[in-house]
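Structural features, examined
The primary structure of each chain is shown beneath.
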Amino acid sequence: MTIPTQRIPGPMPAPAGRRTRFSLRVTALWFAAVALLVCGAGFAVRVLAAAAAAHPVAAALTAAACLPLAWSSVRAGRRLRLRRAARRAARALECAAAEIVEPAPVAESTGVAGAVGPEVAWVAAEPADYDALDGDAFEGAVAELCERDGCRDVRVVGGAGDLGADIVATAPDGRRVVIQCKRYCATNKVGSQDLQRFGGTCYAVHEAEVAAVVTTSDFTTPAVEYAEQCGILCFDRAALHAWSAGTGPGPWALVPAPESRV
């Protein structure tokens with residue numbers, strides 16, 4: 001039987017960052033890079049088409065040689081998705097097994113022998129061992145925290161082509177939450193370049209109303225300064241563990257909701 005939990009007041013970590021202004025320069029640079037990439041791809045296609053027209057036999061042989069590589073890539077992608085699904089299923093089974101073997105809830109005594117009071121004692125949740133997780137499992141664990149605290153439509157979207165977003169969700173007050181997860185060791189801090197890549201897409205591409213970077217490590221000073229300029233929340237190791245234990249808030253609780261949503 002699961003022991004009910006209650007958030008116990010305590011010292012709240014102060015993750016850095018509230019939205020102050022949008023970085024037009026970073027967004028413009030990002031779109032310029034995308035435009036250059038598209039133009040380069042188009043030029044490469046034109047060159048390949050011209051070469052194929054001039055040497056059709058060589059082009060056919062090259063295409064035939066590339067087919068096995070493409071098929072191998074597709075199979076590798078399928079295996080990766082299957083491994084992720086297997087890890088999530090294993091975590092679900094572990095949680096179910098833990099619930100089965102949990103002890104009965106601790107009840108508050110009324111002071112009369114043999115009598116039990118009507119109220120159940122509340123305990124704080126134990127933070128997970130995030131250092132033991134790999135990158136995919138860490139994203140899943142943060143998504144579970146969002147679901148636990150009332151978010152809806154929680155999706156783990158991290159992977160190739162995610163454009164900086166690992167988790168998207170709808171906060172309890174209806175705002176769109178976009179989170180990037182950084183599973184780093186304690187000595188590897190999240191730098192300003194990581195924040196700049198996320199800042200260039202979290203608002204312009206993913207339409208975030210609450211944007212946060214959650215890490216098992218810490219942030220460099222330039223990263224925190226950039227986050228403050230762009231309104232990105234920095235959840236370091238202490239803030240993550242407080243959120244997990246129920247003694248600290250989720251990212252959306254640190255950004256005041258517009259009055260229209262209250």
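Residues numbered from 1 in each chain as written. Predicted model: local features only at pLDDT ≥ 70, side-chain atom pairs only at ≥ 80, totals over all residues. Heavy atoms only, no water.

**Notes on the overall build of the protein chain**
A count of helical and extended segments in the protein chain gives six helices and seven strands. Start at the N end of the protein chain and walk to the C end: the helices and strands fall as α-α-β-β-α-β-β-β-α-β-α-β-α. A separation of at least 24 residues holds for 64% of the contacts in the protein chain among residues at least 6 apart in sequence. Carbon and sulfur atoms make up 63% of the accessible area of the protein chain, which amounts to about 15,600 Å² in all. (Helix = DSSP H or I, 4+ residues; strand = E, 2+ residues; numbered from the N terminus. Contact = heavy atoms within 4.5 Å. Areas by Shrake-Rupley, 256 points an atom, 1.4 Å probe, with all protein chains shown as cover.)

**Details of the environment of Arg-148**
The topology assignment puts Arg-148 in helix α3 (residues 135-148). In this structure the C-alpha to C-alpha distance between Arg-148 and Ser-244, which are 96 residues apart in sequence, comes to 9.6 Å. Ignoring anything within four residues of it in the chain, the contact list for Arg-148 reads Trp-243, Ser-244 and Gly-246.

**Focus on the side chain of Thr-216**
Its location among the elements puts Thr-216 in the loop between β6 (210-215) and α5 (221-230). Thr-216 gets classed as buried once you look at its relative accessible area, which sits at 1%. From its side chain, Thr-216 meets the backbone oxygen of Tyr-184 in a polar contact 2.5 Å long. Ignoring any residue separated from it by four or fewer positions in sequence, one finds Thr-216 in contact with Tyr-130, Asp-131, Phe-138, Lys-182, Arg-183, Tyr-184, Arg-237 and Leu-240. (Buried < 20%, exposed > 50% of the residue type's maximum accessible area, 1.4 Å probe, protein only. Polar contact = N/O pair within 3.5 Å; in protein donor to acceptor, adjacent residues only side chain to side chain.)

**Some points on the pattern of salt bridges**
Per the stated rule, a full pass over the model turns up five salt bridges. In this structure, the salt-bridge partner of Asp-131 is Arg-237, at a minimum N-O distance of 2.4 Å. Of this pair, Asp-131 sits in the loop between β2 (116-120) and α3 while Arg-237 sits in helix α6 (residues 237-245), placing them 106 residues apart in sequence. On the basis of relative accessible area, Arg-237 is assigned to the partly exposed category, the value being 30%. (Salt bridge = Lys/Arg side-chain N within 4 Å of Asp/Glu carboxyl O.)

**Here's the deal with the sheet that holds strand β5 (residues 176-182)**
Strands sit in the order β3-β4-β5-β6-β7 across an open sheet of five strands; the sheet is mixed. Each edge of the open sheet is held by one strand with a lone partner, namely β3 (152-156) and β7 (232-235). Strand-to-strand twist across the sheet, computed as the mean angle between neighbouring axes with direction ignored, equals 20 degrees. Two strands pair when backbone bridges link them, and β5 and β6 are joined in this way by six bridges, in the parallel orientation. Note on β6: the bridge partner recorded for Val-178 is Ala-211. (Pairing = 2+ DSSP bridges. Axes fitted to C-alpha atoms, helices over the stretch in contact; angles between N-to-C directions.)

**Points about the packing of helix α4 (residues 192-199) against α5**
One can describe the packing of α4 onto α5 by two numbers: an axis separation of 8 Å at closest approach and a directional angle of 25 degrees. Comparing the axis directions of α4 and α5 gives the class roughly parallel. Together, Ser-192, Leu-195, Gln-196 and Gly-199 of α4 and Pro-222, Ala-223, Tyr-226 and Ala-227 of α5 make up the contact between the two elements. In terms of residue class, the contact of α4 with α5 is built from five nonpolar, three polar and no charged. (Parallel < 35°, antiparallel > 145°, perpendicular 65-115°, else oblique. Nonpolar A, V, L, I, M, F, W, Y, C, P; charged D, E, K, R; others polar.)

Interpretation note: all reported values are geometric properties and have no functional meaning in isolation.
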